[in-house]
Every structure is written in structure tokens, then in C-alpha cells.
Amino acid sequence: MRINGRERLACKTLVKDVIREDSTEITLEPLRHLPVQRDLMVDPKDFFEKYRLVSPFLIAKNAAPEKGEYQQSQEERRAFDDPTKCILCGACYSACPVLDTNSLFIGPAASIQAARFTKDSRDQGLAPRMNAIDNPNGVWGCENHFECTRVCPREIKVTKAINETKRAISKYKE
Amino acid sequence: MKITVHVQRYNPETDPSEQMQTYTVEAGSTDRILDLLLTIKRT
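Residues numbered from 1 in each chain as written. Chains lettered and ligands numbered in written order. Predicted model: local features only at pLDDT ≥ 70, side-chain atom pairs only at ≥ 80, totals over all residues.

## Considerations on the overall build of chain B
- Per the secondary structure count, chain B includes 1 helix and 2 strands.
- When the helices and strands of chain B are placed in sequence order, the string is β-β-α.
- Oriented by its inertia axes, the alpha-carbon framework of chain B measures out at about 35 × 15 × 15 Å.
- Counting every position in chain B, which comprises 43 residues, the buried fraction comes to 19%. (Helix = DSSP H or I, 4+ residues; strand = E, 2+ residues; numbered from the N terminus. Buried ≥ 20, exposed ≤ 12 C-beta atoms within 10 Å, placed from the backbone.)

## Some thoughts on the interface of chain B and chain A
- With 20 residues of chain B at the contact, the number on the chain A side is 20 residues.
- Only β1 (2–11) and α1 (33–42) of chain B provide two or more residues apiece to the side of chain B that touches chain A.
- A class-by-class count of the residues in the side of chain B that touches chain A yields 10 nonpolar, 5 polar and 5 charged.
- Pairing of strand β3 (residues 25–29) of chain A with β1(B) involves 4 bridges; the strand directions are parallel. Its bridge partner being in β1(B), Thr27(A) is matched across the sheet by His6(B). (Contact = placed C-beta atoms within 7 Å. Nonpolar A, V, L, I, M, F, W, Y, C, P; charged D, E, K, R; others polar. Pairing = 2+ DSSP bridges.)

## Regarding the sheet that holds β1(B)
- With respect to topology, 5 strands assemble into an open sheet ordered β2(A)-β1(A)-β3(A)-β1(B)-β2(B), the strand pairing being mixed. The open sheet is flanked by β2 (6–7) of chain A together with β2 (15–26) of chain B, the only strands paired with a single partner.
- Judged from the 2 bridges that link them, strand β1 (residues 2–3) of chain A and β2(A) form a sheet pairing that is antiparallel. Residue Ile3(A) lies in a different strand from β2(A), and its bridge partner there is Arg6(A).

## Points about the packing of helix α6 (residues 107–118) of chain A against helix α9 (residues 158–172) of chain A
Residues and elements named next belong to chain A.
- The N-to-C vectors of α6 and α9 enclose an angle of 60 degrees; their axes lie 9 Å apart at closest approach. On the basis of their axis angle, the class for α6 and α9 is oblique. As for the relative orientation of α6 and α9, their crossing is left-handed in sense. In contact with Pro108, Ser111, Ile112, Ala114, Ala115 and Thr118 of α6, α9 contributes Val158, Ala161, Ile162, Glu164, Thr165 and Ala168.
- Of the residues in the contact of α6 with α9, the class split is 8 nonpolar, 3 polar and 1 charged. (Axes fitted to C-alpha atoms, helices over the stretch in contact; angles between N-to-C directions. Parallel < 35°, antiparallel > 145°, perpendicular 65-115°, else oblique. Left-handed = near helix turned anticlockwise from the far one by under 90°.)

Everything listed is a geometric property; what it means functionally is a separate question.
See the structure below:
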């Protein structure tokens, strides 16, 4: 929800961290860009539809190993260490200024899921996700306002990951 | 300490518009925002 105008987790945010010496007032509002159902509760349908659009699951490059699990080097695993921290709280989706004017933009959370799987060495990467992300409402909709990065409670470098995905798409199409 | 909480309320069954409602609650130094909401809900 929005706490004093900023997207934060009510279950994590301490009262003492949002009040000031001169003001003990706190304003609580629902997330933006999603229809309010009741009081502070929003309908996350659009959020999750856009999330599913980017196929947020492993699309394996190679057949499953006969024994055991897929092998990955520490470096390969580290490549998606940051985007895999997402808890789908919707803070970035609410904070994103692009969604004020373009409700079709898939948003930061869906973009970060695309980054999560395209950076995974076991995954087919961009190919199966180009339809969803390589268009004006996909990752190209991002205008680098950095609001998602500012509000993310998991401190994911969202905007950076979106820009890396943009670069990867350009390279892929060469 | 006494905290003034403004909460956006909305109930489409009784009123089609959203409005702010203000509550005064007692909060401890380790309370989270969720604790304030639970206190409001219980009283």
C-alpha cells in the first residue's frame, strides 16, 4: 500500500520510521494503477495477467539431465541473483509513472521476471519471450524514471535490469 | 505514542466514492503499519 504517499510493505514498515518529530500523522492509501475493491485492497488481476505474459518460468534449453539437476556455475547463478528476489508485491507497478498514461505497459514487475529468466543459463532466454517484451508496451515502454528501483522493498535494481534487457534484445536482433 | 492515521476507505455497496477517515491510535516503538491497521480494525 502507499504509506505517506510512498509504496511500502505494511507488514515490514515500522511506525517510527515514517513519522517525524513534528508530525505523527500517517496516510494510508491503496496501490495505484489497479482497481480498488475495498478500502486498501486492490484487484491484482491486470498485474498478474502482465506477469504471465512474459512466461515467468523456466523454458529449458536442453533436455533434463538423466540424473540429478541442471548444472550451473556460480557465475551463471549470480547473473539472476538480483531479479529472482522479486516477491510480486506490486510496489513498482504502483510507483511507475509510465502507467499513469499508458495502462497497457507491462510494468516493472513483469519486466523483471523477463530479465530473471532471460539471464538464466538454463533457459531459452529471449526467443520465446520476444513477442511479450519487444514492443512499445513491453520493456521499451520504460522511460527510466527509476521510481520502481526507489520503492522496491527487495532493493532490486529494476530499471538497470530493464535496460540490460533492452540491450540484450537489440543484440539478439542484430 | 499517539498516532493520527488517515485511511482511504471505500465500500462500493454503500458509497460509490472513496473518502479518507481519520483514526487516533496508540502505537508502541516497535509497531509496524500493519499493527496500526489491526488496532483500528479491532476497535
